[in-house]
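Letter by letter, the chains look like this.
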Amino acid sequence: MITALKGALSGSLETLILGLMKSTAQYDASELKASMKGLGTDEESLIEIVCSRSNDELVEIKRVYKELFKKELEKDVAGDTSGNFCKLLLALVQTKRAEPSNLVDYEKIDADAKALYEAGVKRKGTDVATWISIMSERSVPHLQKVFDRYKSYSPYDMQESIRKEVKGDLEKSFLTLVECFENKQLYFANRLSNAMKSKGAKEKVVTRIMVSRCEVDLMKIRSEFKKQYGKSLHQTIAEHTKGGYQYALLSLCGGDD
Ligand SMILES: [Ca+2]
């Protein structure tokens, strides 16, 4: 069937339909592999996938990655990236994030907020290792409270602090993490909106988000999209795409809001 589809389809529609033939974890693993294959790296794709997936999703992606490509995801990430960017991605891929707890530990929230401030805005340079360990090991609900508490130490919120302290792929990765901790579906809604407004590689990002989230949280992404932009995702797709590709995206989208 896949051979038949490859023969019958082409371009963005083919990429989208072939993506839908895979499970979500198989798709994510394949997208990660593609982002690192050959010379050079597609950092944008790598950051989007590694920094937005939950711990459980990453555990499954690693398992499937090894099954499909006979290699550890960690090894490929380590071979394709360097410096603190590499250290952050590896810390996330090691999936050490704590499970959310029913007990709110106010002392730890305060200590983490203070540590993030002292490792960044307060000092000369940045102690990136401290940022990496807190952001890769704490649970998401804990971090949401940490970022709130952070504002009582720092004159800048966490996102502003990241922009001031680090640059390049490391900056993009930390920003993606924080955006996802705060509201993951809004992060995807923003990515979809920016991709559709831009020229060039927009279909790659739109396809990846629609295929990878359609069975996860696309309904919530739709509602964040409408809230943020006052226009539905459905309508935006209809305006910015065309042909069979548009038809397939609208079917995935599932309805207008
Ligand atoms: Ca600093």
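Residues numbered from 1 in each chain as written. Predicted model: local features only at pLDDT ≥ 70, side-chain atom pairs only at ≥ 80, totals over all residues. Heavy atoms only, no water.

1. Considerations on the layout of surface pockets
Consideration 1: Of the volumes computed, that of the largest pocket is approximately 380 Å³.
Consideration 2: Taken together, 23 residues make up the lining of the largest pocket; nearest its centre are S54, N55, R97, V140 and K184.
Consideration 3: Those elements that place two or more of their residues in the lining of the largest pocket are α4 (43–52), α5 (55–69), α10 (140–150) and α12 (168–197).
Consideration 4: Top element by residues in the lining of the largest pocket is α12. It accounts for four residues.
Consideration 5: Estimated volume of the second largest pocket: approximately 260 Å³.
Consideration 6: Together, 13 residues line the second largest pocket, and E44, T176, Y187, R191 and N194 are the ones closest to its centre.
Consideration 7: Listed by contribution, the elements that provide at least two residues to the lining of the second largest pocket are α4 and α12.
Consideration 8: Class assignment for the residues of the lining of the second largest pocket results in five nonpolar, three polar and five charged. (1 Å grid on protein atoms, 1.4 Å probe; cavity = no way out; pocket = protein on both sides within 12 Å on 5 of 7 lines; lining within 4 Å. Points joined across faces, edges and corners; volume = space filled by probe spheres on them. Helix = DSSP H or I, 4+ residues; strand = E, 2+ residues; numbered from the N terminus. Nonpolar A, V, L, I, M, F, W, Y, C, P; charged D, E, K, R; others polar.)

2. Considering unusual backbone geometry
Consideration 1: Even without a glycine there, the phi angle at K70 is positive, about 55°.
Consideration 2: Note that K70 resides in the loop between α5 and α6 (73–80).
Consideration 3: Judged by its relative accessible area of 68%, K70 falls in the exposed class.
Consideration 4: Positive phi, close to 45°, is recorded for T95, a residue that is not glycine.
Consideration 5: Tracing the sequence through the fold places T95 in the loop between α7 (83–93) and α8 (106–119). (Buried < 20%, exposed > 50% of the residue type's maximum accessible area, 1.4 Å probe, protein only.)

3. Some remarks on the nonpolar core
Consideration 1: L116, M135, F147, M158 and F174 are the most contacted members of the largest nonpolar core, which has 47 residues in total.
Consideration 2: Ranked by the residues each element gives to this core, the list is headed by α7, at eight residues.
Consideration 3: Counting 25 residues, the second largest nonpolar core, distinct from the first, contains V205, I221, L249 and C253. (Core = buried A, V, L, I, M, F, W, Y, C linked by side-chain atoms within 4.5 Å.)

4. What to know about the packing of α7 against α12
Consideration 1: Two numbers describe how α7 lies on α12: the axes approach to 8 Å, and their chain directions differ by 30°. On the basis of their axis angle, the class for α7 and α12 is roughly parallel. By crossing handedness, the relation of α7 to α12 is classed as left-handed. Each of N84, F85, L88 and L92 in α7 lies in contact with α12, whose residues at this interface are D169, L170, S173, F174 and L177.
Consideration 2: Within the contact of α7 with α12, the residues separate by chemical class into six nonpolar, two polar and one charged. (Axes fitted to C-alpha atoms, helices over the stretch in contact; angles between N-to-C directions. Parallel < 35°, antiparallel > 145°, perpendicular 65-115°, else oblique. Left-handed = near helix turned anticlockwise from the far one by under 90°. Contact = heavy atoms within 4.5 Å.)

5. What about a nonpolar patch on the surface?
Consideration 1: On the surface, a cluster of nonpolar side chains totalling about 330 Å² of accessible area is made up of M1, I2 and M21.
Consideration 2: With respect to the helices and strands, the residue M21 is situated in the loop between α2 (11–20) and α3 (24–36).
Consideration 3: Classification of M21 as partly exposed rests on a relative accessible area of 36%. (Patch = residues over 30% accessible without salt bridge, like charges linked within 9 Å, V, L, I, M, F, W, Y side chains within 5 Å. Areas by Shrake-Rupley, 256 points an atom, 1.4 Å probe, with all protein chains shown as cover. Salt bridge = Lys/Arg side-chain N within 4 Å of Asp/Glu carboxyl O.)

6. Here's the deal with the coordination of the calcium ion
Consideration 1: Summarising the metal site, the calcium ion is bound by the protein donors G120 (O), R123 (O), G125 (O), E165 (OE) and E165 (OE), whose distances to it range over 2.4 to 2.5 Å.
Consideration 2: You can call G125 partly exposed: its relative accessible area is 44%. (Donors = N, O, S within 2.8 Å, 3.2 Å for Na, K, Ca; no water.)

7. A few points about the packing of α4 against α7
Consideration 1: Two elements in contact, α4 and α7, have axes whose closest approach is 10 Å; the angle formed by their N-to-C orientations is 35°. Seen along the crossing, α4 lies across α7 with a hand that is left-handed. Side by side, α4 and α7 meet where E43, L46, I47, V50 and C51 of the first sit next to F85, L89, L92 and V93 of the second.
Consideration 2: Looking at the contact of α4 with α7, its residues break down into eight nonpolar, no polar and one charged.

8. Points about the packing of aromatic side chains
Consideration 1: Scanning the model with the defined rule gives six aromatic pairs in all.
Consideration 2: Here the guanidinium or amino end of K164 rests over the ring plane of Y156, the centre of that ring lying 4.3 Å away. (Phe/Tyr/Trp six-rings, centres within 6.5 Å; stacked < 30°, edge-to-face > 60°. Lys NZ or Arg CZ within 6 Å of the ring centre and 35° of its normal.)

9. A few points about the pattern of salt bridges
Consideration 1: Enumeration according to the criterion identifies 22 salt bridges in this entry.
Consideration 2: Salt-bridge contacts for R63 lead to E60; the nearest nitrogen and oxygen are separated by 2.8 Å. One end of the pair, R63, and the other, E60, are both in helix α5, three residues apart, so they sit about a helical turn from each other.
Consideration 3: With a closest N to O distance of 3.8 Å, E74 and K62 form a salt bridge. Of this pair, E74 sits in helix α6 while K62 sits in helix α5, and the two are 12 residues apart along the sequence.
Consideration 4: In this structure E74 comes out as partly exposed when scored by relative accessible area, which is 22%.

Without other data, these values stay purely geometric and don't point to any function.
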